[in-house]
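Listed here are the chains, written in short residue letters.
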Amino acid sequence: MTTLKSHTEERPKWNNKAEYLLTCIGFAVGLGNVWRFPYLCQIYGGGAFLIPYLIALVFQGLPLLYLELAIGQRLRMGSIGVWNSISPYLGGVGVASMVVSFCVSLFYNTIVAWVLWYLFNSFQEPLPWSQCPLNHNNTGYVEECVESTPVNYFWYRQTLNITPNMETSGSLQWWMVVSLATAWSIVYICFIRGIETIGKAVYVTATFPYLVLTIFLVRALTLPGSSEGLIYLFTPDWEILKNPQVWLDAATQIFFSLSVAFGGLISFSSYNSQKNNCERDAVLVGVINSATSIYASIPIFAILGFKAHTNYVTCLNGNILALTNEFDISDMNITVENYEQWFDSLNGTHPSRVSNLNLKTCDLQTFLDQSASGTGLAFIVFTEAVISMPGSQVWAVLFFIMLFSLGLSSMFGNLEGVLTPLHDLKLVPKWMPNELFTALICLVSFLVALIFTMGSGNYWLEIFNSYVGSVPLLIIAFFEIIAVAYIYGIGRFSDDLEFMTGHRPNIFWKVCWLVISPLMLIVVLVAYVAVQAQTHPTYPAWNPDYVNFPDTEVLPYPDWVFAICVLLSSVPVISIPLVAIYRLICCMSGRHSEDRLHNDPNPYANEGYVVES
Amino acid sequence: MLVRILVLLYLAGAPALAQTLCQPNASNGYRVRISIKTALGNQAYEWNENEMFLFRATMAFAMRRCYKTETYNVDNIIVCNQTLRVSFWFVVTSPENSTMLIPKADVEKAVSMSRHRINNAFLLTDRTLEFLGIHPTLAEPVNPDTPPWLIVFGVVIGAVFAGIIALLVSSLLQKRRKEKGMMEDGQDEEDMQVKGVENGNVLDGIYNRGFTDDDRFTKL
């Protein structure tokens with residue numbers, strides 16, 4: 001009786017198409033769309049950056065996306081099973097995907113934990129990052145905070161409690177551990193029943209960011225200085241297209257933004273019915289991902305323009321106060337508008353006194369040029385902007401809930417890329433229910449991720465981000481496309497696509513899969529490694545005892561850390577040659593039977609059944 | 001006659017004496033800087049003689065409040081060098097001896113003690129009513145007993161754990177119900193024709209009844 005039950009246990013299915021699409025979109029649209037793309041747009045000449053970006057999307061992003069969704073849907077297995085089916089020698093590709101997904105989910109959820117910490121702290125009046133705390137004997141403000149800014153102090157000291165360098169590990173920060181536990185608990189509750197609960201969760205997590213972005217857009221456009229930010233963002237600088245770095249960054253941005261090569265997309269599409277138009281799905285997901293990036297950059301830059309304007313006005317007001325006090329001019333006679341004339345006349349009549357004041361040069365352009373990406377954008381620049389907005393708590397809460405939804409929906413894909421292959425590999429003991437297995441994986445991930453809650457955690461996170469989440473993915477994607485285009489065969493693949501979508505892929509897809517995409521991937525991979533290898537790797541350290549504090553101290557990685565970096569890049573992809581060699585050895589040493597490839601007993605192929613009587 | 005002349009001289013000389021007591025950069029004087037328009041914007045009032053009188057009265061009040069034994073009066077506060085900014089210098093004379101100035105430290109103590117009252121009298125703040133040389137009192141940090149973030153965290157984690165337990169329990173109940181249901185109509189399933197879809201190969205197979213675990217029933 002019990003064996004009957006396990007045979008009829010079907011593969012889980014999506015409740016409806018919307019859940020599947022929202023999950024894929026949620027996986028693709030992540031934190032990078034909000035805090036990486038606008039930064040790239042800014043430093044690479046605004047509107048002009050869209051050209052290499054869209055070219056990379058069309059010739060590299062969409063073909064890879066279509067490929068992953070198609071093979072997942074056709075072969076109906078997670079990443080390991082899929083690549084085992086295509087060619088046993090390339091089973092390592094699936095293992096590599098799983099390892100990379102595991103490593104990425106470790107540090108990605110830590111970022112979600114940071115977002116949660118800021119979210120919890122946004123429910124206070126005044127916001128804790130708006131002012132410096134008092135020191136021990138209440139005589140003044142904490143020195144570290146006074147020398148940098150309250151926002152920096154809250155991020156580096158009260159959130160991370162960061163150590164001055166990587167060798168000093170510090171201890172576990174209990175508030176970070178608590179936030180991390182919350183993040184993993186929320187991920188677990190969404191994963192409890194597999195895609196059944198994920199499908200419900202994505203209705204909120206995938207759509208809420210768009211709502212918040214729209215609210216921010218409307219709010220930001222009413223703030224002073226927003227138009228300067230937008231003009232600055234979208235003014236195209238066509239000269240920048242001659243710089244090859246731009247093309248490289250556009251290609252890598254599209255690649256990492258679409259979350260291919262993680263195995264998560266393969267898992268999600270494996271729960272589809274086979275007769276599903278995955279071509280339309282792929283194009284939809286890819287286009288929506290890029291459109292979201294562009295849409296997100298508008299309110300981000302409007303608010304950054306507002307922040308630059310505020311900083312500019314504060315700078316000017318400082319100068320105005322100095323001039324007013326020095327020359328005993330009536331209060332508020334010098335304003336932001338007539339500052340120039342006053343300054344010129346005063347400088348003409350009393351140049352020595354004016355120069356003694358050491359007035360700062362206030363230039364709006366300089367403030368606009370202060371760009372930031374990644375955690376710097378979210379936790380330093382944006383939080384500073386939020387303080388100046390009326391009703392800061394509301395905006396802070398909305399912003400961090402949006403970041404939380406973005407991170408959570410991407411975590412679904414990351415963790416799915418770990419769970420589904422393990423299920424398909426039949427590594428889960430029969431007695432263990434799915435819920436327990438998921439809990440175990442979440443617990444193990446939480447315990448390993450405690451590294452990132454130590455004092456030096458942020459430095460380690462940057463290492464993971466740069467070394468695990470970059471080169472291994474490019475290598476995996478390259479092998480994926482080679483496996484399908486050349487080993488599986490483009491003819492067979494076209495037959496499968498015809499079976500699933502109803503029509504054969506047109507010449508554009510075929511050319512991309514055969515030639516353009518692998519070529520682009522190789523070029524990007526080589527260029528990326530070359531650029532990384534040129535500079536000796538360094539990291540910015542926050543050291544209050546540094547001479548030029550509050551500037552970050554640029555330190556080189558110690559040797560043992562550098563060895564770990566190399567390990568992180570190579571261990572995931574080492575499985576590709578290892579599995580190939582292992583299979584080769586097995587194949588050469590003993591050819592038992594043809595179905596060595598299908599080790600699990602298949603009750604529908606009854607060759608193995610022998611009647612003993 | 002002589003007395004009258006002396007009285008007249010004294011009355012004429014007193015203000016002059018007062019002026020010599022109060023000078024810019026006096027060792028026992030403080031400079032005050034007021035920024036009314038910055039603080040109040042449209043509702044700014046004009047600084048005139050009456051406001052100055054209020055200032056002197058407030059300072060006398062502050063001195064009285066600090067040194068309860070001596071009764072200071074408006075005459076004890078001498079003001080000079082008013083500029084358009086608005087800024088001026090002031091010194092405090094002793095009630096007993098009008099030529100003696102109160103030391104700087106004592107004046108500072110009085111001002112710090114009543115700073116809040118002085119600010120409020122003029123609808124200003126520590127930043128807009130500056131006593132140059134006297135540091136503004138730092139705002140007392142509001143330290144709630146439980147940090148607010150802990151409260152939010154508690155609510156969120158409580159909801160999440162409640163949800164996890166609820167989902168786990170309902171999964172368990174569902175499984176038990178399924179098991180019960182399956183045991184009742186388990187006999188019918190052996191005759192079922194199952195279309196197998198496994199590993200991408202669509203198999204139109206009839207379920208192989210021979211491949212069942214029925215060793216319990218037959219001893220071979």
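Quantities reported herein were computed from a predicted structural model and do not represent experimental measurements.

Asks: Account for the overall build of chain B, with residues named and values stated.
Replies: Check the secondary structure of chain B and you find 7 helices and 6 strands. Listing the helices and strands of chain B from first to last along the sequence gives α-β-α-α-β-β-α-α-β-α-α-β-β. Burial analysis of chain B (220 residues in total) assigns 32% to the buried set. Taking the contacts inside chain B whose residues are at least 6 apart along the sequence as the reference set, 57% of them involve residues at least 24 apart.

Asks: Could you give an account of the overall build of chain A, naming the residues involved and the relevant values?
Replies: From N to C terminus, chain A includes 26 helices and 2 strands. For 613 residues, the compact-globule estimate of 2.2 N^0.38 gives 25 Å, and chain A sits close to it at 27 Å. Across its three principal axes, chain A shows a C-alpha extent of roughly 115 × 55 × 45 Å. The contacts in chain A between residues at least 6 apart in sequence include a share of 81% that link residues at least 24 apart. Accessible area for chain A stands at about 25,400 Å²; split by element, carbon and sulfur atoms hold 63% of it. Averaging the locations of the 25 positively and 42 negatively charged side chains of chain A gives two centres separated by 16 Å.

Asks: With reference to specific residues and values, describe the pattern of salt bridges.
Replies: Residues and elements named next belong to chain A. Summed over the entire model, instances satisfying the criterion amount to 15 salt bridges over all chains. A salt bridge links R11 to D424, with the shortest nitrogen-to-oxygen separation between them at 3.4 Å. In this pair, R11 sits in the loop between α1 (2-7) and α2 (17-28) while D424 sits in helix α21 (residues 392-424), placing the two residues 413 residues apart along the sequence. Here E384 makes a salt bridge to K307, at a shortest N to O gap of 4.0 Å. Placement of E384 in helix α20 (residues 375-388) and of K307 in helix α16 (residues 278-327) is noted, with a sequence separation of 77 residues between them. The buried category is assigned to K307, whose relative accessible area is 10%. Linked by salt bridges that have partners in common, D495, E498 and R504 make up one network.

Asks: So, the UniProt feature "binding site: Na(+)" (unreviewed entry) in chain A: which residues are in play, and what are the values?
Replies: Residues and elements named next belong to chain A. This chain's UniProt record puts "binding site: Na(+)" (unreviewed entry) on G26, A28, V29, N33, S257, N289, L406 and S410. Taken along the chain, the residues just named run across 385 residues; in space they keep tight, none of their C-alpha pairs more than 12.3 Å apart. Residue position: G26 is located in helix α2. With residues up to four places along the chain from it excluded, the contact list for G26 reads A206, S409 and S410. Mapped onto the fold, N33 is located in helix α3 (residues 31-35). Filtering out sequence-adjacent residues up to four positions away, N33 remains in contact with A28, P38, S257, N289, T292, S293 and A296. A distance of 3.1 Å separates a polar side-chain atom of N33 from the backbone nitrogen of G30.

Asks: For the sheet that holds strand β3 (residues 87-92) of chain B, give the residues involved together with the corresponding values.
Replies: Residues and elements named next belong to chain B. Taken in spatial order, the 4 strands line up as β2-β3-β1-β4 in an open sheet, and their pairing is antiparallel. Single-partner strands in this sheet number two, and they are β2 (77-83) and β4 (129-132). Neighbouring strand axes in the sheet, compared pairwise and without regard to direction, differ in orientation by 25 degrees on average. In this structure, β2 lies alongside β3, joined through 5 bridges in antiparallel fashion.

Asks: A description of the environment of A:D249 should follow, citing residues and the corresponding values.
Replies: Mapped onto the fold, A:D249 is located in helix α14 (residues 244-257). Overall, the relative accessible area of 12% leaves A:D249 in the buried class.

Asks: Help me get a handle on the nonpolar core, residues and values and all.
Replies: A:F400 and A:L403 are the most contacted members of the largest nonpolar core, which has 194 residues in total. Listed in part, the 31 residues of the second largest apolar core include B:V32, B:M63, B:L124 and B:F131.

Asks: Go over the state of the cysteines, please, and point to the residues and values.
Replies: Residues and elements named next belong to chain A. Using the criterion set out here, one finds 2 disulfides over all chains in the structure. With a sulfur-sulfur separation of 1.9 Å, C132 is cross-linked through a disulfide to C145. Across the S-S bond linking C132 and C145, the dihedral sits near -85 degrees, which makes this disulfide left-handed. Within this pair, whereas C132 is found in the loop between α7 (91-121) and α8 (143-147), its partner C145 is found in helix α8, the two being separated by 13 residues in sequence. The residues C132 and C145 share a single accessibility class, namely buried. Covalent S-S linkage joins C315 and C362, the inter-sulfur distance amounting to 1.8 Å. Across the S-S bond linking C315 and C362, the dihedral sits near -80 degrees, which makes this disulfide left-handed. Highlighted residues: C315 in helix α16 and C362 in the loop between α18 (351-356) and α19 (364-369), separated in sequence by 47 residues. Residue C315 is classed as buried on the basis of its relative accessible area of 9%. In this structure C362 comes out as buried when scored by relative accessible area, which is 18%. With no disulfide of its own, C24 has C278 as its nearest cysteine by sulfur position, at a separation of 11 Å.

Asks: Give me the packing of aromatic side chains: which residues, what numbers.
Replies: Two descriptors summarise a pair of aromatic rings, namely the distance from one centre to the other and the angle between the planes of the rings. Residues and elements named next belong to chain A. Applying the stated criterion across every chain, the model contains 57 aromatic pairs over all chains. Aromatic side chains F452 and F464 sit 5.1 Å apart centroid to centroid with 90 degrees between the ring planes, which places their arrangement in the edge-to-face category. Separated by 12 residues along the polypeptide, F452 in the loop between α22 (434-448) and α23 (457-467) and F464 in helix α23 bring together distant segments of the chain. Residue classification places F452 among the buried residues on the basis of a relative accessible area of 2%.

Asks: Describe helix α5 (residues 50-75) of chain A, naming the residues involved and giving the relevant values.
Replies: Residues and elements named next belong to chain A. Between its first and last C-alpha, α5 extends 35 Å over 26 residues, near the 38 Å set by a 1.5 Å rise per residue. Of all bends in α5, the biggest is about 40 degrees, found at L57. Within α5, 20 of the 26 residues are buried, which leaves it mostly tucked inside the rest of the structure. Following α5 by one or two positions, R76 has its phi on the positive side, about 55 degrees.

Asks: Just give me the short version of a nonpolar patch on the surface, but keep the residues and values in it.
Replies: Taken together, the side chains of A:I507, A:V511, A:V515, A:L519, A:I522, A:V523 and A:V526 make up a nonpolar region of the molecular surface, amounting to roughly 620 Å² of accessible area. A relative accessible area of 47% means that A:V515 is categorised as partly exposed.

Asks: Help me get a handle on helix α26 (residues 559-589) of chain A, residues and values and all.
Replies: All names here are of chain A. Approximately 40 degrees is the largest bend angle found in α26, and it occurs at V571, with the proline P572 only one to four residues beyond. Here α26 has its buried residues at V561, C565, L568, S569, P572, V573, S575, I576, V579 and C586. In the core, the buried residues of α26 are packed alongside α7, α23 and α24 (471-501).

Asks: Could you give an account of the packing of helix α10 (residues 174-191) of chain A against helix α6 (residues 148-184) of chain B, naming the residues involved and the relevant values?
Replies: In the contact formed by α10(A) and α6(B), the axes pass within 10 Å of each other and the chain directions differ by 30 degrees. Taken together, the axes of α10(A) and α6(B) lie roughly parallel to each other. For α10(A) against α6(B), the interelement crossing comes out left-handed. Across the interface between the two elements, A:W174, A:W175, A:V178, A:T182, A:S185, A:I186, A:Y188 and A:I189 of α10(A) pack against B:W149, B:L150, B:F153, B:V156, B:I157, B:V160, B:F161, B:G163, B:I164, B:L167 and B:L168 of α6(B).

Asks: Would you mind going over the packing of α5(A) against α14(A) in detail, with residue names and values included?
Replies: Residues and elements named next belong to chain A. It is at 9 Å that the axes of α5 and α14 come closest, and there the two elements cross at 40 degrees. Comparing their axes, α14 and α5 come out oblique. In this structure, α5 crosses over α14, and the sense of that crossing is right-handed. Residues P52, Y53, I55, A56, L57, Q60, G61 and L64 of α5 touch α14, and the partners they reach there are V246, W247, A250, A251, Q253, I254 and F255. Its residues placed into classes, the contact of α5 with α14 shows 12 nonpolar, 3 polar and no charged.

About the cut-offs
Residues numbered from 1 in each chain as written. Chains lettered and ligands numbered in written order. Predicted model: local features only at pLDDT ≥ 70, side-chain atom pairs only at ≥ 80, totals over all residues. Heavy atoms only, no water. Helix = DSSP H or I, 4+ residues; strand = E, 2+ residues; numbered from the N terminus. Buried < 20%, exposed > 50% of the residue type's maximum accessible area, 1.4 Å probe, protein only. Contact = heavy atoms within 4.5 Å. Rg over C-alpha atoms; globule rule 2.2 N^0.38 Å. Areas by Shrake-Rupley, 256 points an atom, 1.4 Å probe, with all protein chains shown as cover. Lys, Arg positive; Asp, Glu negative; His and termini not counted. Charge placed at Lys NZ, Arg CZ, Asp CG, Glu CD. Salt bridge = Lys/Arg side-chain N within 4 Å of Asp/Glu carboxyl O. UniProt positions renumbered as here; feature names shortened; annotations may be inferred. Polar contact = N/O pair within 3.5 Å; in protein donor to acceptor, adjacent residues only side chain to side chain. Pairing = 2+ DSSP bridges. Axes fitted to C-alpha atoms, helices over the stretch in contact; angles between N-to-C directions. Core = buried A, V, L, I, M, F, W, Y, C linked by side-chain atoms within 4.5 Å. Disulfide = S-S within 2.5 Å. Phe/Tyr/Trp six-rings, centres within 6.5 Å; stacked < 30°, edge-to-face > 60°. Expected span 1.5 Å × (residues − 1). Bend = angle between axes of the 7 residues up to and from the residue. Patch = residues over 30% accessible without salt bridge, like charges linked within 9 Å, V, L, I, M, F, W, Y side chains within 5 Å. Parallel < 35°, antiparallel > 145°, perpendicular 65-115°, else oblique. Left-handed = near helix turned anticlockwise from the far one by under 90°. Nonpolar A, V, L, I, M, F, W, Y, C, P; charged D, E, K, R; others polar.

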